[in-house]
Amino acid sequence: MTTVGTEATSSAGDAAPVAKRIAGAPISWGVCEVPGWGYQLAPEVVLRQMRELGLAATEFGPDGFLPDDPRAKAAVLAEYGLAAVGQFVPVVLHDPSHDPLPEVERAVAGLVAARASTIVIAAATGRVGYDDRPVLDRSGWALLLRNLDRITDVATASGLVATLHPHVGTMVESGQETQRVLADSRIGLCLDTGHLLIGGGDPVAISQRHPGRIAHTHLKDVRLDWARRVQSGEATYTEAVAGGMYVPLGRGDVDIQAIVAALEGNGYAGWYVLEQDTILSGSPVAGAAGDPVADVRTSMAHLGAVAGAVPAAGSVVTEGRTDAGR
């Protein structure tokens, strides 16, 4: 049996240094697919700042941020010296009247043209935004899981790795729902350390118990006080983001060092995508509070320090090394 982690990240001895596997994401600059999310910076500003920070690569961002044509999309990234990592693709998976494969196939074409490695699927609700979601019944779950396996096959046929991203306000947000996906589908996992915590899961436990399923990582840090307000219904997700729930790595309550140690110690050789979900009220002022460049620079420095402190590859023994392919 071959694990998702082995397919996606090769062996521990083949892993490049963590510093060469740090990628950016437009959401750290406030660029988001949700209508009315906030001030949207131009692509040339975001990509230039990513390059100046020394990021090696980026995810695509939402539809419309980069050109729709796959070759044009790849050319824009190449112009800024950025490799393509993957794309966050929210699609409805639980509705029998909706086939998600055409949307996925369009995304796959762009990813292949840009020589990216990963498609990052979120189980969209079909509603706008991430502030509420319906409850799935047994048949809805069965269809969602079947569609995840169909997407896995489409991605594999094109040389990509498919991952499922647990995300607040989608059909898979909690630790329990993530475990159900791991148990009952073949898709890899995009470990989003912030969304799992906000959704009531434990990102450290997931990284330690299921390293062989993790094919992609979104590193986020969050304030637990805000996360609990979202969990209790006191604040919506959007209100919490605007209020500062997401912070640079090392400034919140996610144990980034434990997660990186678990992944690196078990042969993870994939990307660490720095994501600090941000809502901008206007064009940021360099060096001021809320400046994406300053926040990403802080996160890069923290990840660099953490990477220097993790055990040697292969020295951490955890559960779940071969839990894929069910």
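Another aspect to go through is helix α9 (residues 224-232). For α9, every residue scored as buried is listed here: Trp-226, Ala-227 and Val-230. All buried residues of α9 project into a common sector of 100° when viewed along the axis, lining one side. Looking at α9, the residues exposed on the side facing more than 90 degrees away from the buried face are Arg-228 and Ser-232. Where α9 is buried, its residues touch α7 (193-198) and α10 (237-243). Backbone geometry just after α9 places Gly-233 at a positive phi near 90°.

Time to look at the pattern of salt bridges. The final tally for this structure, using the stated rule, is 10 salt bridges. Note that Lys-220 and Glu-275 form a salt bridge whose closest N and O atoms lie 2.4 Å from each other. Here Lys-220, found in the loop between β8 (214-219) and β9 (221-222), pairs with Glu-275, found in the loop between β11 (272-274) and α12 (292-309); they are 55 residues apart in sequence, far enough to count as distant. Residue classification places Lys-220 among the buried residues on the basis of a relative accessible area of 1%. Classification of Glu-275 by relative accessible area gives buried; the value is 9%. Of the charged contacts in the structure, one is a salt bridge between Asp-277 and Lys-220, with a shortest N-O distance of 3.8 Å. Pair noted here: Asp-277 is in the loop between β11 and α12 and Lys-220 is in the loop between β8 and β9, with a separation of 57 residues, a long-range link. By relative accessible area, which is 7% here, Asp-277 ends up buried. Three or more residues are tied together by salt bridges with common partners; here these are Asp-192, Lys-220, Glu-275 and Asp-277.

Burial along strand β6 (residues 161-164) is two-sided: the face carrying Val-161 and Thr-163 and the face carrying Ala-162 and Leu-164 are both buried. Here β6 pairs with strand β7 (residues 188-192) via 2 bridges, running parallel. Bridging across to β7, Thr-163 finds its partner in Gly-188. Of the crossover connections in this fold, the one passing from β6 over helix α6 (residues 175-184) to the parallel β7 is right-handed.

What follows concerns the nonpolar core. Of all hydrophobic cores here, the largest spans 100 residues; its most connected members are Ile-119, Ile-121, Leu-144 and Met-245. Sorting elements by how many residues they give to this core places helix α5 (residues 138-157) first, with 7 residues. When near neighbours in sequence (up to four residues on either side) are disregarded, Met-245 contacts Ile-198, Asp-221, Val-222, Arg-223, Trp-226, Ala-227, Val-230, Tyr-237 and Ala-240.

All right, on to the side chain of Lys-220 then. A polar contact of 2.4 Å, which involves the side chain of Lys-220, links it to the side chain of Glu-275. Apart from the residues within four sequence positions on either side, Lys-220 is in contact with His-165, Asp-192, Thr-193, Gly-194, His-195, Tyr-246, Leu-249, Val-254, Ile-256, Glu-275 and Asp-277.

Before going further, it helps to spend a moment on the environment of Thr-193. Within the secondary structure layout, Thr-193 lies in helix α7. Separated by 27 residues in the primary sequence, Thr-193 and Lys-220 place their C-alpha atoms 5.5 Å from one another. Setting aside anything within four residues of it in sequence, one finds Thr-193 in contact with Pro-203, His-218, Leu-219, Lys-220, Val-254, Ile-256 and Ile-259. Among the polar contacts listed, one links the side chain of Thr-193 to the backbone oxygen of Lys-220, at a separation of 2.7 Å.

A full pass over the atoms with the stated rule returns 2 aromatic pairs. With a centroid separation of 6.3 Å and 80° between ring planes, the pair formed by Tyr-237 and Tyr-246 is classed as edge-to-face. Classification of Tyr-237 as buried rests on a relative accessible area of 2%. When its relative accessible area of 4% is taken as the criterion, Tyr-246 is described as buried.

Running from amino to carboxyl end, helix α11 (residues 256-265) crosses α12 at an angle of 50°, the nearest separation of the two axes being 9 Å. Relative to α12, the element α11 is oriented oblique. α12 is crossed by α11, and the crossing has right-handed handedness. Touching Ile-256, Gln-257 and Val-260 of α11 are His-302, Leu-303, Val-306 and Ala-309, all from α12. Class assignment for the residues of the contact of α11 with α12 results in 5 nonpolar, 2 polar and no charged.

Definitions and cut-offs
Residues numbered from 1 in each chain as written. Predicted model: local features only at pLDDT ≥ 70, side-chain atom pairs only at ≥ 80, totals over all residues. Heavy atoms only, no water. Buried < 20%, exposed > 50% of the residue type's maximum accessible area, 1.4 Å probe, protein only. Helix = DSSP H or I, 4+ residues; strand = E, 2+ residues; numbered from the N terminus. Arc of directions from axis to C-beta. Contact = heavy atoms within 4.5 Å. Salt bridge = Lys/Arg side-chain N within 4 Å of Asp/Glu carboxyl O. Pairing = 2+ DSSP bridges. Right-handed = clockwise from strand over helix to strand, strands pointing away. Core = buried A, V, L, I, M, F, W, Y, C linked by side-chain atoms within 4.5 Å. Polar contact = N/O pair within 3.5 Å; in protein donor to acceptor, adjacent residues only side chain to side chain. Phe/Tyr/Trp six-rings, centres within 6.5 Å; stacked < 30°, edge-to-face > 60°. Axes fitted to C-alpha atoms, helices over the stretch in contact; angles between N-to-C directions. Parallel < 35°, antiparallel > 145°, perpendicular 65-115°, else oblique. Left-handed = near helix turned anticlockwise from the far one by under 90°. Nonpolar A, V, L, I, M, F, W, Y, C, P; charged D, E, K, R; others polar.

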